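The chain contents come next:
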Amino acid sequence: MGEQRLLEVENLSTSFTTEDGIVRAVSDVSFHVDRGEVLAVVGESGSGKSVMAMSLMRLLPKNAFVTGWASFEGRDLLSLSEAEMRKIRGRGMAMIFQDPMTALNPVFTVGNQIAEAVRVHQSVSKPLAMKRAVELLDLVGIPEPGQRVDSYPHEFSGGMRQRAVIAMAISNDPQLLIADEPTTALDVTIQAQVLEVIITVQRATGAAMLLITHDLGLVAGVADRVQVMYGGRVFESGDTRDVYYGGNNPYTRALMRSVPRLDERTSDRLSSVPGTPPSLIRLPRGCVFWPRCEFSEQVCRTTEPELIQCGTDHVSRCHFATTLPEFEYGARLGA
Amino acid sequence: MERGWGPEMSVLSQSRPSQNGTPILEVENLVTHFPIRAGVLRRRVGTVFAVDGVDLHVYPHETLGIVGESGCGKTTLGRSIIRLIEPTAGVVRFNGEDVIGAEPKRMRELRQEMQIVFQDPFASLNPRMPVRDIIGEPLLIQGRTRKEVRPQVAGLLEVVGLSPEHGNRYPHEFSGGQRQRIGIARALALKPSLIILDEPVSALDVSIQAQILNLLEDLQDELGLSYLFIAHDLSVVRHISDRVLVMYLGRVAEVADRNELYDRPAHPYTHALLSAVPIADPDLERKRQRIVLSGDLPSPAHPPSGCRFHTRCPIAQERCTETEPQLREVRSGHWVACHFALGAGETLLARVEELHREVTVLAFDPIDTDNDGEAGHPVHSG
């Protein structure tokens, strides 16, 4: 087991002190990522999925307070010095952000930035790093990489910029790619292109991937395992099929049923989740989902459920995880 | 979030003429171009062909969905129809009446009938106004007194699933979904018969998105509204629309009844677009072969010659580079602008192979049930 584990996180909690009070963005999250696997973290805004990733990369502002334990290739991420952390960022784990414009510096050429990323971790000459930049741009499917290496980010389209960001992320052969909504800002046909690049690159380098997204379709195709988050907590986690078809958690079910599907021939009402996600400053007592949950009972209002085992490597945070009525995924689709 | 339709509804559901059969909205050859200016003298150096000859009609009580990627002109189209942007040429008729040529006074009256809801509920509500005034403003502008307006605003808030007390609050006190409800209430205030919905749910989380889609459907049934639903999310558009129109670079690529378009797309662009959308079903998703179009979307300032899609089309022929295809009816009510439209049931991949062309296909490994499988393996074929 030890060999396989790349990242192991236990009881990670992140809160922010703000004028309005303490924002509990991530609460007691534990999970792991094995070498070469794709773990998707799914959730709506405010579910804590991005803050969780930023906590691991140690890229949070000063008002953040992080507790817990996170081990990456055996090193404790949360207690490393900033200098040691810099060695891991980019080389051990690298990030692909949603908006490529914020990840690229507008005043340097794309090639310069990739070469710079290479030279931070590898002692190679500038010309050699530039050569490597051209190779990387070629790998992510940028046409005429020899010329485009001298372009500035604004001269690239959105899809091309995201490809450049991916090139930069893989420039030091990281073991773990953290992709935070990597295709969300792109047009549908460009999304497919970028997804193809990410998966090709991930396969070619053998890197593991932590894919953070709200897109249940994207996850269905690429994830080995899925972790559903709500109100800063893990609500369900397991193999992709188990989570999609198992339906052991009321929130996961509600999420799956509220999304219209492309292959849906009927236009029956969507089953919407009533209410809005909880405020992370004033979380409800008991289960944080109870005010919106169709199955909630008295116990849910007083006692927060633990993660309950409901299959091999499959857990769900619900008092009734193992006794919920049968869930027929796709029952609404009149197929 | 479902609420009973109380007596407040009477403020809205006054008798409405039913005109089944004749379109409520007709758009013919609508053109909206924007000049590109440069230099000290702001000389015109180019043109953005945002909307470049669009025909469509919307029937009473119908939802026409408009889909397309950025730069296809869908937003400009919606705004040009109600003249928030003055179109360059073309005809817009509302209940048979010319909209483009309407005098300002008449236009104000027509705008009571045609309303718009915008994408960003954060940007489209005035932060300094209480919600009561935001919703009541259109009524006041139309000459009603504050006293008359107050109960109507309370009724409107209830109709969209908020409570009358919410009227005293300011926009920042509301969540994204609630703000969109406020935007919808404002649009409903003047009892329109047509609402243009410009990406009304794309800024919202999925659980909230479903609430708003359900609300829109309820309102349509209750009030007999017609919708022009503009969006980039093909799944949402299929769900809400009766008919769907696909745009590419300012032109109509294809239009058909919802299931006809999604089940039997005839335009290679529509086919590729549908193919690019992932489906939230692991077993199904890993059986699909998704076509990945190469290249970027061309700029609407420099649309390609001939068929605008030919630069990215995997089945384009010489004719496509020269002659722009016109919309033709391939099956009943199914119109497509393509010289080499796909037949019913014919897939784009089959046509690509027939032509011995190459195309990138995104396909994933099926999930190994022994749980040691690796996922996500794109293969290239063709």
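As the structure is a computational prediction, the values presented were derived from the model and not from experiment.

What counts as what
- Residues numbered from 1 in each chain as written.
- Chains lettered and ligands numbered in written order.
- Predicted model: local features only at pLDDT ≥ 70, side-chain atom pairs only at ≥ 80, totals over all residues.
- Helix = DSSP H or I, 4+ residues; strand = E, 2+ residues; numbered from the N terminus.
- Rg over C-alpha atoms; globule rule 2.2 N^0.38 Å.
- Buried ≥ 20, exposed ≤ 12 C-beta atoms within 10 Å, placed from the backbone.
- Contact = placed C-beta atoms within 7 Å.
- Nonpolar A, V, L, I, M, F, W, Y, C, P; charged D, E, K, R; others polar.
- Core = buried A, V, L, I, M, F, W, Y, C linked by C-beta atoms within 7 Å.
- Expected span 1.5 Å × (residues − 1).
- Pairing = 2+ DSSP bridges.
- Axes fitted to C-alpha atoms, helices over the stretch in contact; angles between N-to-C directions.
- pLDDT = per-residue confidence, 0-100.

## A short note on the overall build of chain B
Thought 1: A tally of regular secondary structure across chain B gives 12 helices and 15 strands.
Thought 2: In terms of overall dimensions, chain B is globule-like: its C-alpha atoms have a radius of gyration of 23 Å, near the 21 Å expected for 382 residues.
Thought 3: Projected onto its principal axes, the C-alpha coordinates of chain B cover approximately 70 × 60 × 50 Å.
Thought 4: For chain B, with 382 residues in total, the buried portion stands at 48%.
Thought 5: In chain B, the proportion of contacts linking residues at least 24 apart, taken out of those at least 6 apart, comes to 66%.

## Brief notes about the interface of chain B and chain A
Thought 1: Facing 49 residues of chain B, the contacting portion of chain A comprises 51 residues.
Thought 2: For the side of chain B that touches chain A, the element with the highest residue contribution is helix α6 (residues 206-223) of chain B, accounting for eight residues.
Thought 3: Of the residues in the side of chain B that touches chain A, the class split is 25 nonpolar, 14 polar and 10 charged.

## Describing the nonpolar core
Looking at soluble globular proteins, one finds that nonpolar side chains tend to be buried together.
Thought 1: In this structure, A:Ile166, A:Leu176, A:Leu210, B:Ala185, B:Leu228 and B:Phe229 are the most contacted members of the largest nonpolar core, which totals 204 residues.
Thought 2: Top element by residues in this core is helix α8 (residues 188-205) of chain A. It accounts for nine residues.

## Looking at α6(B)
Since the α-helix turns once every 3.6 residues, residues separated by three or four places project in the same direction.
Thought 1: Counted at 1.5 Å a residue, the expected span for α6(B) with its 18 residues is 26 Å, and the 26 Å between its end C-alpha atoms agrees.
Thought 2: By the burial criterion, the buried members of α6(B) are B:Val206, B:Ser207, B:Ile208, B:Gln209, B:Ala210, B:Gln211, B:Ile212, B:Leu213, B:Leu215 and B:Leu216.
Thought 3: Close packing links the buried residues of α6(B) with α11 (250-258) of chain A together with α5 (176-188) and α7 (234-240) of chain B.
Thought 4: Of the residues flanking the end of α6(B), it is B:Gly224, one or two places downstream, whose phi is positive at about 65 degrees.

## Considerations on α5(B)
All names here are of chain B.
Thought 1: The terminal C-alpha atoms of α5 lie 18 Å apart, and with 13 residues this matches the ideal 18 Å at 1.5 Å per residue to within 8%.
Thought 2: In terms of burial, α5 is largely enclosed, as 12 of its 13 residues are buried.
Thought 3: Those residues of α5 that are buried lie in contact with β6 (114-117), α3 (131-141), α4 (146-159), β7 (194-198) and α6.

## Things to note about the sheet that holds β7(B)
All names here are of chain B.
Thought 1: Sheet architecture is open: eight strands sit in the order β6-β7-β8-β3-β9-β10-β13-β12, paired in mixed fashion. One side of each edge strand has no neighbouring strand; the edge strands of this open sheet are β6 and β12 (328-331). Each adjacent strand pair in this sheet contributes to an overall mean axis angle of 20 degrees, direction not counted.
Thought 2: Taken together, the six bridges between strand β9 (residues 243-248) and strand β10 (residues 251-257) define a ladder with antiparallel strand orientation.

## Some thoughts on the sheet that holds strand β1 (residues 25-38) of chain B
Residues and elements named next belong to chain B.
Thought 1: As summarised here, the arrangement of the four strands in space is β2-β1-β4-β5, forming an open sheet in which the pairing is antiparallel. Looking at which strands have only one partner, the edges of the open sheet turn out to be β2 (43-58) and β5 (97-98).
Thought 2: Inspection of the sheet shows strand β4 (residues 89-94) paired to β5 by two bridges, in the antiparallel sense. Bridged to Arg93 within β5 is Asp98.

## Focus on the confidence of the model for chain B
Residues and elements named next belong to chain B.
Thought 1: Across chain B, the average pLDDT comes to 88, with 91% of residues at 70 or higher.
Thought 2: When the elements of chain B are averaged for pLDDT, strand β15 (residues 379-381) gives the smallest value, 44, and strand β3 (residues 63-67) the largest, 98.
Thought 3: Ignoring residues within four places in sequence, the model shows residues 1-19, a span with pLDDT below 50, making 27 contacts including any to other chains.
Thought 4: The model gives residues 370-382 a pLDDT under 50, and that stretch makes 37 contacts with residues more than four places away or in other chains.
Thought 5: Overall fold confidence (pTM) sits at 0.89, and the ipTM for the predicted complex is 0.89.

## Looking at the pairing of strand β1 (residues 5-18) of chain A
Residues and elements named next belong to chain A.
Thought 1: Across 10 bridges, β1 lies against strand β2 (residues 21-34) in antiparallel orientation. Looking at the pairing, Leu7 lines up with Val33 of β2.
Thought 2: Hairpin connection, β1 to β2: the antiparallel pair is bridged by two residues.
Thought 3: By the bridge criterion, eight bridges tie β1 to strand β4 (residues 64-72) in an arrangement that is antiparallel. Its bridge partner lying in β4, Glu10 is registered against Trp69.

## Side note on the environment of A:Phe156
Thought 1: Positionally, A:Phe156 belongs in the loop between α6 (145-148) and α7 (158-169).
Thought 2: Residues A:Phe156 and A:Val110, 46 residues apart in the sequence, show an inter-C-alpha distance of 9.3 Å.

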